[in-house]
Amino acid sequence: MQTNVECLSYLNYVNGQWQAASSGQMIDIHNPANKDEIIGRIQASNLEDLDHAVAIAKKALPTWRNLSSVERGNFLHRTADILEKNADEIAEIATKEMGKILRETKGEVLRGVAILRYYAQEGMRQIGEVLPSSQKQNILLTKRVPVGVVGVISPWNFPIAIPIWKIAPALIYGNTVVFKPASETGISAAKIVQAFDEAGLPKGVLNLVNGKGSIIGQGLADHKDVNAISFTGSNQVGKQVAVSAVKHGAKYQLEMGGKNPVIIMDDADIEHAAELTVQGAMKQTGQRCTATSRAYVHCSVYERVKELVVKKANSLKVGNGVDPTVDLGPLASEQQMNTVMNYIKKGKEDGASLLCGGEALKGEQYQSGYFVPPTVFENVTHDMTIVREEIFGPVLGLIKVNSFEEALEMANDTIYGLSASIFTKDIARAFKFIDEIETGLVQINGETGGAEPQAPFGGMKDSSSQSREQGQAAKEFYTTMKTITITPIP
Ligand code: SIN
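Residues numbered from 1 in each chain as written. Predicted model: local features only at pLDDT ≥ 70, side-chain atom pairs only at ≥ 80, totals over all residues. Heavy atoms only, no water.

Looking up the protein in an unreviewed UniProt entry gives the name Aldehyde dehydrogenase YcbD, with the organism given as Neobacillus kokaensis. The heading Sequence similarities (unreviewed entry) in the UniProt record of the protein holds the text "Belongs to the aldehyde dehydrogenase family." (UniProt positions renumbered as here; feature names shortened; annotations may be inferred.)

Rendered as structure tokens:
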């Protein structure tokens, strides 16, 4: 079990054992819907703890990589079953840790289950190819092998799905893992690891080290015995991780921010477009890398879209995520709330007009949490900070455009390139959008958010390191390749 004498203290997991950090220090986890409630404590580990975990992962590597990938897959299948069985409990913990509503956290646990099952099956798929050799008698082939010890640094906004979409492919291809989750969601992380533990994963194969990002995250990126590092988080930290990884020759994979646009054209199904624009912007209180934050709307349908967007945004109920009638939970932390409120203030100062929201919610039911309602701006110009920087909150800007070309140019005028959507029935325009939008994820008449386990996920420009996660694309990152020539001796 992961609990200490105090039932709310969650331990690190190293070498198959739950253990306290050597510092004796802990980090409190507060409920963002009720900041006075401490829902648990996690370990504030130091570099000594990290070093130990990396050494253990390195030691466990030869045995794990020598199992067949089909056998490794069986552990993932069992973990998926355990997670599914515990879905309600884990969803509730995640909701209390980072605020999003139970429907979303339950969906996320089940998404984690689907990812585990997908990668469990991956153990039965190809790991190389046979190529024609210029020497007729030779056999020329490739074989994928594990990279080694993988460091996983995961964010708080998807505390279950994102760690699993990194850990599951790392394990199936024969790597061992040291996992450093965001401190805000260290308990959800412990629950994931507990499922692997119950599934009988051999000791040392997956290790959890909680602690501050500046110490454990940075230490993992710097560690000479970490061969690959997969990071999801902010742009600024991601770039530091890359620099550290390069210094010691580790592979790195970064998924960072987004500033995701939708284009709503004059021929769109306006009701559908407004619905998915609001969902894309407000789901999970806007705390998704793929959240919609800019809507470029054709002038001939602008007023109708505006009316529908505001009506739908205003109809969303904000409150504690454990209440099943609530649509939007709180922001994940005080820091997150301050950031979002500062962006809203900046939007107002820069001259954008508020259509709804814009003030932190007050009143008895909101006073102990970080509640910001759906906020929609208009009269937004393309140079405003709220259009240029990632907000990571329930904030949407509406921008009137005269043509598809104008919308496309503005949609692409950003440092980010994660996801984008167009609402149109014109196939030629949709194809032009597919070709010319500078994002890794492209939606035609769909929401900017969302991902499926079997499909590559990632962005262009500053949204990622150009690598892709999930689906078959994960194989590129979590393996390295051998080219083998077999020369028969007559
Ligand atoms: C993310 O947006 O941060 C993850 C992908 C998603 O489900 O939208």
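### Looking at the domain arrangement of the protein
Entries for the protein in the domain assignment read domain 1 (9-256 + 464-483) and domain 2 (260-452). Distance between the C-alpha centres of domain 1 and domain 2: 31 Å. Counting residues at the interface gives 24 residues for domain 1, matched by 29 residues for domain 2. Counting the surface lost from both domain 1 and domain 2, the interface buries some 2,100 Å², and carbon and sulfur atoms represent 54% of this. The interface formed by domain 1 and domain 2 holds 1 salt bridge in total. Aspartate 327 serves as the salt-bridge partner of arginine 103, at 3.6 Å between the closest nitrogen and oxygen. At the junction of domain 1 with domain 2, the criterion picks out 7 residue pairs in polar contact (both at pLDDT 80 or more). Among the secondary structure elements, those contributing two or more residues to the side of domain 1 that touches domain 2 are strand 5 (34-43), helix 3 (87-98) and helix 4 (102-122). For the side of domain 1 that touches domain 2, the per-class residue count stands at 8 nonpolar, 6 polar and 10 charged. (Domains from an automatic or database assignment. Contact = heavy atoms within 4.5 Å. Buried area = accessible area lost by both parts, 1.4 Å probe. Salt bridge = Lys/Arg side-chain N within 4 Å of Asp/Glu carboxyl O. Polar contact = N/O pair within 3.5 Å; in protein donor to acceptor, adjacent residues only side chain to side chain. Helix = DSSP H or I, 4+ residues; strand = E, 2+ residues; numbered from the N terminus. Nonpolar A, V, L, I, M, F, W, Y, C, P; charged D, E, K, R; others polar.)

### Some details on the UniProt feature "active site" (unreviewed entry) in the protein
Residues annotated in UniProt with the feature "active site" (unreviewed entry) correspond here to Glu255. Tracing the sequence through the fold places glutamate 255 in strand 12 (residues 251-255). Apart from the residues lying within four places of it in its own chain, the contact partners of glutamate 255 are Phe231, Thr232, Gly233, Leu418, Phe457, Gly458, Gly459, Ser463, Ser464, Ser467 and Glu469.

### Structural notes on unusual backbone geometry
Unusually for a residue other than glycine, asparagine 15 sits at a positive phi of about 55°. Mapped onto the elements of the fold, asparagine 15 is located in the loop between strand 2 (12-14) and strand 3 (17-19). On the basis of relative accessible area, asparagine 15 is assigned to the partly exposed category, the value being 23%. The backbone of glutamine 470 shows a phi angle near 65°, a positive value even though the residue is not glycine. With respect to the helices, strands and loops of the structure, glutamine 470 is situated in the loop between strand 21 (460-461) and helix 15 (473-478). The buried category is assigned to glutamine 470, whose relative accessible area is 1%. (Buried < 20%, exposed > 50% of the residue type's maximum accessible area, 1.4 Å probe, protein only.)

### Focus: the packing of aromatic side chains
Evaluation of the coordinates by the stated rule reveals 7 aromatic pairs. Ring plane angle 80° and centroid distance 5.7 Å describe the contact between tryptophan 156 and phenylalanine 392, whose orientation is recorded as edge-to-face. Taken together, the positions of tryptophan 156 in the loop between strand 8 (149-154) and helix 5 (161-172) and phenylalanine 392 in the loop between helix 12 (385-388) and strand 17 (395-401) put the pair 236 residues apart, joining distant regions of the chain. Ring plane angle 85° and centroid distance 4.9 Å describe the contact between phenylalanine 477 and tyrosine 478, whose orientation is recorded as edge-to-face. The burial state of phenylalanine 477 is the same as that of tyrosine 478; both residues are buried. Of note, lysine 400 hangs over the ring of tyrosine 302, and the distance from its end group to the ring centre comes to 5.0 Å. (Phe/Tyr/Trp six-rings, centres within 6.5 Å; stacked < 30°, edge-to-face > 60°. Lys NZ or Arg CZ within 6 Å of the ring centre and 35° of its normal.)

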